[in-house]
Structure formats: C-alpha cells, structure tokens
Amino acid sequence: MTNDHLPLDLLDRVGVRKRFRMAVIAILILAAAIGGVLGLIFGQVTGLVAAGVIGLPLLLFSWSQARRTLWLDGTKVVLRTFGRRAVDLSKAERLEMVVMDVRSVRTVSMLVAETPRSRGINMAVASYSGTGGAELGIMALRKLADALAASENTGSLVISELLVAQLRAEARGEGLDGRPLYQLAKAAPAGKLAVRLKPEAVTKFVASLE
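Residues numbered from 1 in each chain as written. Predicted model: local features only at pLDDT ≥ 70, side-chain atom pairs only at ≥ 80, totals over all residues. Heavy atoms only, no water.

Participant: Teacher, can you tell me more about the overall build of the chain here?
Facilitator: A tally of helices and strands in the chain yields six helices and nine strands. For the chain, the C-alpha atoms occupy an extent of roughly 65 × 35 × 30 Å along the three principal directions. A burial count over the chain gives 38% of its 210 residues as buried. The contacts in the chain between residues at least 6 apart in sequence include a share of 54% that link residues at least 24 apart. Accessible surface for the chain amounts to roughly 12200 Å². Of this, 59% is attributable to carbon and sulfur atoms. If the 27 positive side-chain charges of the chain are averaged to one point and the 18 negative ones to another, these points end up 9 Å apart. (Helix = DSSP H or I, 4+ residues; strand = E, 2+ residues; numbered from the N terminus. Buried < 20%, exposed > 50% of the residue type's maximum accessible area, 1.4 Å probe, protein only. Contact = heavy atoms within 4.5 Å. Areas by Shrake-Rupley, 256 points an atom, 1.4 Å probe, with all protein chains shown as cover. Lys, Arg positive; Asp, Glu negative; His and termini not counted. Charge placed at Lys NZ, Arg CZ, Asp CG, Glu CD.)

Participant: Please clarify how the sheet that holds strand S5 (residues 94-102) should be interpreted in this entry.
Facilitator: In sheet architecture, strand pairing relies on hydrogen bonds along the backbone and comes in two forms, parallel and antiparallel. Pairing is antiparallel across the open sheet formed by five strands, whose spatial order is S8-S7-S6-S5-S9. Two strands bound the open sheet, and with one partner strand each, they are strand S8 (132-135) and strand S9 (194-197). Strand after strand, the sheet turns through a mean of 25 degrees between neighbouring axes, direction not considered. Relative to S8, strand S7 (residues 121-129) is paired through four bridges, and the arrangement is antiparallel. Note that in S8 the partner of Ser129 across the bridge is Gly132. (Pairing = 2+ DSSP bridges. Axes fitted to C-alpha atoms, helices over the stretch in contact; angles between N-to-C directions.)

Participant: For this particular structure, what's the right way to read the packing of aromatic side chains?
Facilitator: The way to describe two aromatic rings as a pair is by their centre distance and the angle between their planes. What the rule picks out here adds up to one aromatic pair. Note on Tyr128 and Tyr182: the rings are 5.1 Å apart at their centroids and 85 degrees apart in plane angle, and the pair reads as edge-to-face. Taken together, the positions of Tyr128 in strand S7 and Tyr182 in helix H5 (residues 180-187) put the pair 54 residues apart, joining distant regions of the chain. By the burial criterion, Tyr128 is buried, and Tyr182 matches it. (Phe/Tyr/Trp six-rings, centres within 6.5 Å; stacked < 30°, edge-to-face > 60°.)

Participant: Can you walk me through the sheet that holds strand S1 (residues 6-7) in this structure?
Facilitator: If you walk across this open sheet you meet the four strands as S1-S2-S3-S4, and the pairing is antiparallel. The two strands at the open ends of the sheet, each matched to only one other strand, are S1 and strand S4 (84-88).

Participant: Could you clarify how one ought to interpret the environment of Ala149 in this entry?
Facilitator: With respect to the helices and strands, the residue Ala149 is situated in helix H3 (residues 138-149). Taking C-alpha positions, Ala149 is 8.3 Å from Glu161, a pair spaced twelve residues apart along the chain. Beyond its immediate stretch of four places on either side in the chain, Ala149 contacts Leu157 and Ser160.

Participant: Is there a simple way to think about the pairing of S4 in this case?
Facilitator: The two faces of a sheet get side chains in turn, since along a regular strand they alternate between them. Of the strand pairs in this sheet, strand S3 (residues 76-80) and S4 are connected by five bridges, and their pairing is antiparallel. By the bridge assignment for S4, Leu79 is matched with Arg85. With antiparallel pairing between neighbouring strands as the criterion, S3 and S4 make up a hairpin whose turn holds three residues.

Participant: Can you help me understand the environment of Arg119 in this one?
Facilitator: Mapping Arg119 onto the fold places it in the loop between strand S6 (105-113) and S7. Arg119 gets classed as exposed once you look at its relative accessible area, which sits at 66%. Along the primary structure Arg119 and Arg85 are separated by 34 residues, whereas in three dimensions their C-alpha atoms are 9.1 Å apart. Ignoring any residue separated from it by four or fewer positions in sequence, one finds Arg119 in contact with Arg85 and Ala113.

Participant: It is not clear to me how H3 should be interpreted in this structure. Could you clarify?
Facilitator: Residues that lie three or four places apart on an α-helix share one face, since the helix turns once every 3.6 residues. The terminal C-alpha atoms of H3 lie 16 Å apart, and with twelve residues this matches the ideal 16 Å at 1.5 Å per residue to within 8%. Of all the residues in H3, the buried ones are Ala140, Leu141, Leu144, Ala145, Ala147 and Leu148. Relative to the axis of H3, the buried residues are bounded by an arc of 165 degrees and lie together on one face. (Expected span 1.5 Å × (residues − 1). Arc of directions from axis to C-beta.)

Participant: Would you take a moment to explain a nonpolar patch on the surface for this structure?
Facilitator: On the surface, Val37, Leu40, Ile41 and Phe42 cluster together to form a nonpolar patch covering roughly 480 Å² of accessible area. Here Phe42 lies in helix H1 (residues 13-42). (Patch = residues over 30% accessible without salt bridge, like charges linked within 9 Å, V, L, I, M, F, W, Y side chains within 5 Å. Salt bridge = Lys/Arg side-chain N within 4 Å of Asp/Glu carboxyl O.)

Participant: Explain the pairing of strand S2 (residues 69-73) to me, please; I cannot follow it from the model alone.
Facilitator: Counted residue by residue, S2 has four buried out of five residues, so it is predominantly covered. Both S1 and S2 contribute to a ladder of two bridges, which runs antiparallel. Bridge pairing links Pro7 to Trp71 in S2. Linking S2 to S3, which pair antiparallel, is a turn of two residues; within it Gly74 sits at a positive phi near 70 degrees.

Structure, rendered in structure tokens:
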C-alpha cells in the first residue's frame, strides 16, 4: 500500500486481532462440543468429521475478516481479504446505506457496487453502542465525500452531502445526538440484523439537515 492510499478501516488492527483471537477460541469450543457429542453417539470418526465440518468454514471466515482491509485509491474503494476487489465511487450505480444491529451495536455502512448486479463492497463508516462509538476520521470522510461528489449518480451526491453534514457537525463540536450518522443509526427500525435504508428516506433525511 502506497502513501497515497487512505485507510478506511473503522477498527484498528489491534482491535481486529483481539476479536479474531476471541472468535477462534469460541469456534474451537463449539466445534469440540458438537464433535464430542456426536462422537459419543456415532463414533470417534463421525465426531472428528463433524468438528471439522463446523469449525473449518467458521475459522476460514474469521480469518478472512481479520485480513479484511479497506482503503481509498483516488476515487476507488479497494477491499483486500484473500484477493482484491475495487469499486470506483465516481462510476458506482448502486449505493445504499445499511444499518446493522448486532448485540446493541449499530453500524452504519455504505454498500457500493459499479452496477446493480455486480458484487459490491460493504464499508462501515460509523459504529455506535450506548453513548459511545467509532467513526471514520475526518480525512477519510472528506475524501469519500469528494469521490462521491464526482459522480453523476443522484444517490452518490446525496450520500456525499450526508458525509459533509457529518463533518460539519464534528467541526461544530456536536455530541452524538447532533451527528447525522448517529441520527441515522438511531432512526433505523429495531429488531432486524440489517436494514437497507430506502434511497428516498435517506434523501429526505439529508434534506432535513439543511
């Protein structure tokens, strides 16, 4: 990664490594427990196979998440796990705001793809729990807003304005209640793992900030 590449990871690497270690321990315990029970009933071989079938995919997924790195290269968002994928924000036709609610932690993400049917990239821009949270830094938000503003897509321009409004709130020293991304996270319906916000709802929300 060159110096021109701007990191877009919401969590620092120390936090990611800690979560990966915790996930590995939990997966090994789960696989051992299920494998042990099945091994007692159907035999040792069945138990070992079951432990592998359950544990290996989960370990692979956790490893991919630990390797997951996002950065901005010009107007392109680049994702690296075991390979690389990129989406040019200035040409993206699909842009959605998504709010995920997992264990009382609400994460606001941008789902971007160059075409409606192409594989997209899900990029977290803020995460809130209780009265605290984490948000992308000022430089990252500013560059993302600029990249989105270079598009002719109306949805891109709306999200760019949302990020600019977030930057203005930060510049004024607003607390969480005064920050657009927190307001968006809080307004999403509860009880669902992931909520894709309708474009017209996001447009109305951004217009209300002016």
